[in-house]
Structure formats: C-alpha cells, structure tokens
Amino acid sequence: MKLVYSLFIVFILSGFSMAQVELSVSMGIDFINSPSLYDYINQNYNQGEIIEGFNSSVIFLGEAGYNVNENYQPAIEIGYLINSYTLSGLNGQYEMSYGNMMFSIINYYVIAGDGYNFKFGGGGGLRFLSADEKRPATGIKQTFSSFGYGFLLRAEGNTLLGGNVYAKIGAQASYDLNGEPENSGTPLYNNAANENVDFNSLSIGLSLGVSYIF
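Predicted model, so just to flag it, every value in this text is computed and none were measured. (Residues numbered from 1 in each chain as written. Predicted model: local features only at pLDDT ≥ 70, side-chain atom pairs only at ≥ 80, totals over all residues. Heavy atoms only, no water.)

**Remarks on the overall build of the chain**
Assigned secondary structure in the chain consists of two helices and 12 strands. Principal axes of the C-alpha set define a box for the chain whose edges measure 80 × 35 × 25 Å. Considering the chain as a whole, with its 214 residues, one finds that 37% of them fall into the buried category. Considering only contacts within the chain whose residues lie at least 6 apart along the sequence, 65% involve residues at least 24 apart. For the chain, the exposed surface amounts to about 11,700 Å²; the carbon and sulfur share of it is 63%. Placing the 8 positive and 18 negative side-chain charges of the chain at their respective mean positions leaves the two points 10 Å apart. (Helix = DSSP H or I, 4+ residues; strand = E, 2+ residues; numbered from the N terminus. Buried < 20%, exposed > 50% of the residue type's maximum accessible area, 1.4 Å probe, protein only. Contact = heavy atoms within 4.5 Å. Areas by Shrake-Rupley, 256 points an atom, 1.4 Å probe, with all protein chains shown as cover. Lys, Arg positive; Asp, Glu negative; His and termini not counted. Charge placed at Lys NZ, Arg CZ, Asp CG, Glu CD.)

Below, the structure written as structure tokens:
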C-alpha cells in the first residue's frame, strides 16, 4: 500500500513538473459584418456613404492557458473590441461607437517543438456590449447595452524570443450573438424597417502579441 501511495505521489509531482502555464497579451484587427446595425444606420442616417461588408475594428486580448498534457491546453480569454461609425449630413453628424467585452473558454490542440508551438482550437462564452449613439441635430448621446454569447475558432503560433518570452501571432473567426441593446428598457429601434436593432456579427481577424510560458 505504501508503495502504491509513493508511486501515486511521484506521478502527480511529475505531472505538475511537466505542465506549462501560458500567459499572453495581444492586439489585433477584426473585420466585422453586422447586418442589422448596418441597415439601421444606412436606412436612417445615411447621406450617400453606405456602410456594408466587413469593416475594421480594434481588439485587445488577454489569455491564460494550462497544458493538461502534451497536446491539450484549455484557456480562458478576456477580449475587448472597439468599433465606431461616423456619418456627416445636412442635419449634422451621426456617431455610433461601441465596446464589446468578451469572456471565452477555448480548447486548444497543441503541437510543440524546441522554441515554438502551434495551437488550433475553438470555444465560446459571454458577451457584454455597450453602445453610445449621438444623433444629428440633437447632440444628445444615449447609451445602450446588451448581454449575449459568442463562438470562435482560433489558430496561433508562438516563436521563442528569449528566456520564457515568445512572439505570438493569431488568426480567428467568430460569430457573436450580442443581442438587442437597450437604454433603460427601451431597445434601439429601426423605424424604417419596423424592428429592433441587434448587434449580432460575423468577424475574422489577425492579432500580434507576446506570450510568457513557464
């Protein structure tokens, strides 16, 4: 019994000694398509400048992962995406800006070598969106917020810079169901289409950053 117990302790300690923790921060560009939001802006405030297709936004990412074994790493990620649209017309300037706080759990398949690793995975989590709208002529800013969820696919590569520090490059595609933002219970409404506006979006993006693996 003592032998079994001793072998168990050795196994656990050896597992911890082989495990790796990976912390990373990065910044990137996401190209977003948000059809309901585009319809709202184009149908109500457009003065000839059509918003369509994929538009660029800035995203900041922080991630913590733990190598359970040689090829599997679960990770927790916090991201913050910033996007804005500004249109000028005869009645003044229309402004829409929003930030999306994103919490995700991601499962990676890891291929590691001497001084590098590649990770491929997917996951999802919660989304907390806050949007500020300033309509022309009024100059009044209103804040709308919503709660939703999203899913993502991710590919990353880390290359050793020195010590435990790695250069990181990533690519991802995501679909976020951000919901219909409200202000004090009143949703953002598209009078031209007679429907509430949602901020659901499809996006693809690239990011660069650094990782610390220990």
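**Section: the confidence of the model for the chain**
Mean pLDDT for the chain: 91, with 91% of residues reaching 70 or above. Segment residues 3-18: pLDDT under 50, and one contact once partners within four positions in sequence are set aside and those in other chains are kept. (pLDDT = per-residue confidence, 0-100.)

**Things to note about the pattern of salt bridges**
Under the criterion given, the structure shown has nine salt bridges. Between Arg-135 and Glu-133 there is a salt bridge, and its shortest N-O distance comes to 2.9 Å. Given the relative accessible area of 1%, Glu-133 is considered buried. Each of the salt bridges in this network shares a partner with another, and the network as a whole consists of Glu-22, Glu-63, Glu-77, Lys-119, Arg-154, Glu-156 and Lys-168. (Salt bridge = Lys/Arg side-chain N within 4 Å of Asp/Glu carboxyl O.)

**Looking at the side chain of Ser-211**
By the secondary structure assignment, Ser-211 is in strand S12 (residues 201-213). On the basis of relative accessible area, Ser-211 is assigned to the buried category, the value being 2%. Filtering out sequence-adjacent residues up to four positions away, Ser-211 remains in contact with Glu-22, Leu-23, Ser-24, Asn-158, Asn-164, Val-165, Tyr-166 and Lys-168.

**Focus on the side chain of Glu-156**
With respect to the helices, strands and loops of the structure, Glu-156 is situated in strand S6 (residues 141-162). A distance of 3.1 Å separates the side chain of Glu-156 from the side chain of Arg-154, its partner in a polar contact. A polar contact is formed between the side chain of Glu-156 and the side chain of Lys-168, at a distance of 3.3 Å. Ignoring any residue separated from it by four or fewer positions in sequence, one finds Glu-156 in contact with Glu-63, Tyr-108, Asn-117, Phe-118, Lys-119, Lys-168, Ile-169 and Gly-170. (Polar contact = N/O pair within 3.5 Å; in protein donor to acceptor, adjacent residues only side chain to side chain.)

**Quick word on the environment of Ala-167**
The residue Ala-167 is located in strand S7 (residues 165-177) in this model. Judged by its relative accessible area of 29%, Ala-167 falls in the partly exposed class. Between the C-alpha atoms of Ala-167 and Asn-42, which are 125 residues apart in sequence, the distance is 41 Å. With sequence-adjacent residues up to four places away left out, Ala-167 is seen in contact with Gly-157, Asn-158, Thr-159, Leu-161 and Gly-209.

**What about the environment of Gln-43?**
Within the secondary structure, Gln-43 sits in helix H2 (residues 35-45). Classification of Gln-43 as partly exposed rests on a relative accessible area of 42%. As for Gln-43 and Tyr-66, which are separated by 23 residues in sequence, their C-alpha atoms are 47 Å apart. Filtering out sequence-adjacent residues up to four positions away, Gln-43 remains in contact with Asn-190, Ala-192 and Ala-193. Reaching out from Gln-43, the side chain makes a polar contact with the side chain of Asn-190 at a distance of 3.0 Å.

**Description of the packing of aromatic side chains**
When we look at a pair of aromatic rings, we describe it by the centre distance and by the angle of the planes. Applying the stated criterion to the full structure yields nine aromatic pairs. Look at Tyr-40 and Tyr-45: their rings are 5.8 Å apart centre to centre, the planes differ by 75°, and that puts the pair in the edge-to-face class. Taken together, a centroid distance of 5.8 Å and an interplanar angle of 80° make the contact between Tyr-149 and Phe-151 edge-to-face. Judged by its relative accessible area of 42%, Tyr-149 is partly exposed. (Phe/Tyr/Trp six-rings, centres within 6.5 Å; stacked < 30°, edge-to-face > 60°.)

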